Amino acid sequence: MEYAEVLRNAKEKIGPNCKVCPVCNGIACGNTMPGPGSKAPGLGANVNYKAWRSIRLNMDTMVENGPVDTKTELFGRTFEMPLITAPIGSIKMQYNPTDDVKDFNEKCMAACETRGIMHAYGDGLQTDVLPCALASGKAHGLNGIPVFNPDTDEAIMAKMDQCVGDVTPPAICVVVDSAGLPHLRKLNGNAGCKSVDQLKALKEHIRVPFILKGIMSAATAKKAVEAGADAIIVSNHGGRVLADTPATAEVLPEIVEAVKGQTKIIVDGGIRSGLDMFKALAMGADMCMICRPVLISYYGGGQEGMECYFDKLKAELSDTMYMCGARSIADIKKDMIRF
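Being a predicted model, the structure only gives us computed values, none of them experimental.

Asker: What exactly am I supposed to notice about the overall build of the protein chain here?
Answerer: Along its length, the protein chain carries 11 helices and 12 strands. Projected onto its principal axes, the C-alpha positions of the protein chain cover 60 × 45 × 40 Å. Buried positions account for 57% of the 339 residues belonging to the protein chain. Sequence separation of at least 24 residues holds for 73% of the intrachain contacts in the protein chain that already meet a minimum separation of 6. Accessible area of the protein chain: about 14,100 Å², with a carbon and sulfur share of 52%. The averaged location of the 39 negative side-chain charges in the protein chain is 4 Å from the averaged location of its 37 positive side-chain charges.

In structure tokens form, the structure reads like this:
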């Protein structure tokens, strides 16, 4: 399957809200919410996308010739490339009323298993999403990372308690920026912001690495480290929770300067290609996350469609590394990009 075919198929199946643009840049979907867009006025996703476009690559082929290795490690596990697919809570509400996020999670973890990466999945609006995703993770090498919305501490801990035994995931994540999602507040008025002490208690409740998603400043990154986060995800929720936030590429340098070496740094938001992944790594990120194009690839070909997209990303990353003089992920340095 070719990626162009994936996009053609997706146009027919994804529903009315996503336009399956040649490049997913957040313009055509605008402020379509629920849906793939951003919070009104609908610019957030495009701000993320454009920020990566403003970064250029420094070509250097006057180096020793040799093969490129895109492998990296996180939490003691080897990844074929520095990518984790980002979580989606409900596709029924955002795309087609007959769609099932459980099927998406299953096929995405299957595709991630064949390509040596991991899938992060949301806890969703249905009570059966988590147990089904945990079972899928078990079937595919425990390569799924549950991502919990900022519900009450008791509710989060109850979900954490399901993540034990032979379904224990490699890490557990709490997403803090979704405190701004209107539907979350509507469903549970007690859900919302979390203090450092609350997050410490959640960290102490689990025996696997603890990730915090939704970090958008150096000050918040330092709080996450204080809370015990083993990794943070630099993310503005795809522009879906607060208008006029900066792009993730804008804040990544200050966060790297503040907490690099104290916690692993993962970045999300507007990353669309292997070139973007290279730029993020050159800026100091350890891993990248991608959401919307993975979902488009699911609609365009299920597991095979997502594998096609992952192959495209890896080929782009490998080519960029080769042309910029990096033969391993550790070789990627800040002087290989320019702003």
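Asker: Honestly, the environment of M289 in this entry has me stumped. Any pointers?
Answerer: Assignment of secondary structure puts M289 in strand β11 (residues 287–290). Through-space distance from the C-alpha of M289 to that of L83 is 5.7 Å; in sequence the pair is 206 residues apart. Those residues in contact with M289 that lie beyond four places of it in its chain are L83, I84, T85, A86, P87, A120, I233, I266, V267, D268, G269 and I271.

Asker: When you look at helix α9 (residues 248–259) in this model, what are you seeing that I'm missing?
Answerer: Residues lying three or four places apart along an α-helix face the same way, a consequence of the helix completing one turn every 3.6 residues. If you check α9, its first and last C-alpha atoms are 16 Å apart, about what 12 residues at 1.5 Å a residue would give, namely 16 Å. Along α9, the positions that sit buried rather than exposed are T248, A249, V251, L252, I255, V256, A258 and V259. For α9, the angular spread of the buried residues around the axis is 160°, confining them to a single face. Looking at the buried positions of α9, the neighbouring elements they touch are α2 (44–53), β8 (210–215), α8 (218–226), β9 (231–234), β10 (264–267) and α10 (274–282). Two residues or fewer after α9 comes G261, characterised by a positive phi angle close to 90°.

Asker: Whenever I open this one, the nonpolar core confuses me. Can you help?
Answerer: Note that soluble globular proteins tend to have their nonpolar side chains buried in a common cluster. Ranked by size, the top nonpolar core spans 106 residues in total, and within it I84, F104 and F310 carry the most contacts. Those residues in contact with F104 that lie beyond four places of it in its chain are I88, I91, H119, V294, L295, Y298 and M306.

Asker: Please clarify how helix α4 (residues 129–139) should be interpreted in this entry.
Answerer: Among the residues of α4, those classed as buried are V129, L130, A133, L134, S136 and G137. Buried residues along α4 cover an arc of 160° about the axis, so they all sit on one side.

Asker: Honestly, the packing of helix α3 (residues 101–115) against α4 in this entry has me stumped. Any pointers?
Answerer: Packed helix pairs are specified by the crossing angle of their axes together with the interaxial distance, meaning the distance between the axes. In the contact formed by α3 and α4, the axes pass within 9 Å of each other and the chain directions differ by 20°. If you check the angle between α3 and α4, you find them roughly parallel. Crossing of α3 over α4 shows right-handed handedness. Facing V101, K102, N105, E106, M109 and E113 of α3, the residues of α4 in contact are V129, C132, A133, S136, G137 and A139. Counted by class, the contact of α3 with α4 contains 6 nonpolar, 3 polar and 3 charged residues.

Asker: Sorry if this is basic, but what is going on with the sheet that holds β9 here?
Answerer: Hydrogen bonding along the main chain pairs the strands of a sheet, whether they run parallel or antiparallel. Ordered in space as β4-β5-β6-β7-β8-β9-β10-β11, the 8 strands form a closed barrel in which the pairing is parallel. Strand-to-strand twist of the sheet, defined as the mean angle between neighbouring strand axes without regard to direction, takes the value 25°. Sheet analysis places β9 next to β10, joined by 4 bridges and oriented parallel. Paired with A231 across the strands is K264, a residue of β10.

Asker: Just checking my understanding: could you explain the side chain of T85 for this structure?
Answerer: With respect to the secondary-structure elements, T85 resides in strand β4 (residues 83–85). Only 2.6 Å separates the side chain of T85 from the side chain of H119, close enough to count as a polar contact. Those residues in contact with T85 that lie beyond four places of it in its chain are C108, C112, M118, H119, A120, M289, I290, V294 and F310.

Asker: Explain the pairing of strand β6 (residues 144–148) here, please?
Answerer: Regular strands have side chains that alternate between both faces of the sheet. Summarising burial for β6: 5 of the 5 residues are buried, a large majority. In the sheet, strand β5 (residues 118–122) pairs with β6 via 4 bridges, with the strands oriented parallel. If you follow H119 over to β6, its bridge partner there is G144. Note that the unit made of β5, α4 and β6 has a crossover that is right-handed.

Asker: Would you take a moment to explain the packing of aromatic side chains for this structure?
Answerer: Under the counting rule described, the total for this entry stands at 5 aromatic pairs. Here Y95 and Y299 contribute two aromatic rings whose centre-to-centre distance is 5.8 Å and whose plane-to-plane angle is 45°, an arrangement assigned as tilted. Here Y95 is found in the loop between β4 and α3, whereas its partner Y299 is found in helix α11 (residues 292–324), with 204 residues between them in sequence. Of the two residues, Y95 and Y299, both sit in the buried class. Taking the centre distance of 6.5 Å and the plane angle of 45° together, the rings of Y309 and F310 count as tilted. The same class applies to Y309 as to F310, namely buried.

Asker: Could you clarify how one ought to interpret unusual backbone geometry in this entry?
Answerer: Peptide bonds are trans in most cases, and residues, glycine excluded, mostly fall at negative phi. Looking along the chain, the bond that leaves M33 and enters P34 is cis, with omega of 0°. Considering the arrangement of structural elements, one finds P34 in the loop between α1 (3–13) and α2. A40 connects to P41 through a cis peptide bond whose omega is 10°. Tracing the backbone through its elements, the reader meets P41 in the loop between α1 and α2.

How each quantity is defined
- Residues numbered from 1 in each chain as written.
- Predicted model: local features only at pLDDT ≥ 70, side-chain atom pairs only at ≥ 80, totals over all residues.
- Heavy atoms only, no water.
- Helix = DSSP H or I, 4+ residues; strand = E, 2+ residues; numbered from the N terminus.
- Buried < 20%, exposed > 50% of the residue type's maximum accessible area, 1.4 Å probe, protein only.
- Contact = heavy atoms within 4.5 Å.
- Areas by Shrake-Rupley, 256 points an atom, 1.4 Å probe, with all protein chains shown as cover.
- Lys, Arg positive; Asp, Glu negative; His and termini not counted.
- Charge placed at Lys NZ, Arg CZ, Asp CG, Glu CD.
- Expected span 1.5 Å × (residues − 1).
- Arc of directions from axis to C-beta.
- Core = buried A, V, L, I, M, F, W, Y, C linked by side-chain atoms within 4.5 Å.
- Axes fitted to C-alpha atoms, helices over the stretch in contact; angles between N-to-C directions.
- Parallel < 35°, antiparallel > 145°, perpendicular 65-115°, else oblique.
- Left-handed = near helix turned anticlockwise from the far one by under 90°.
- Nonpolar A, V, L, I, M, F, W, Y, C, P; charged D, E, K, R; others polar.
- Pairing = 2+ DSSP bridges.
- Polar contact = N/O pair within 3.5 Å; in protein donor to acceptor, adjacent residues only side chain to side chain.
- Right-handed = clockwise from strand over helix to strand, strands pointing away.
- Phe/Tyr/Trp six-rings, centres within 6.5 Å; stacked < 30°, edge-to-face > 60°.

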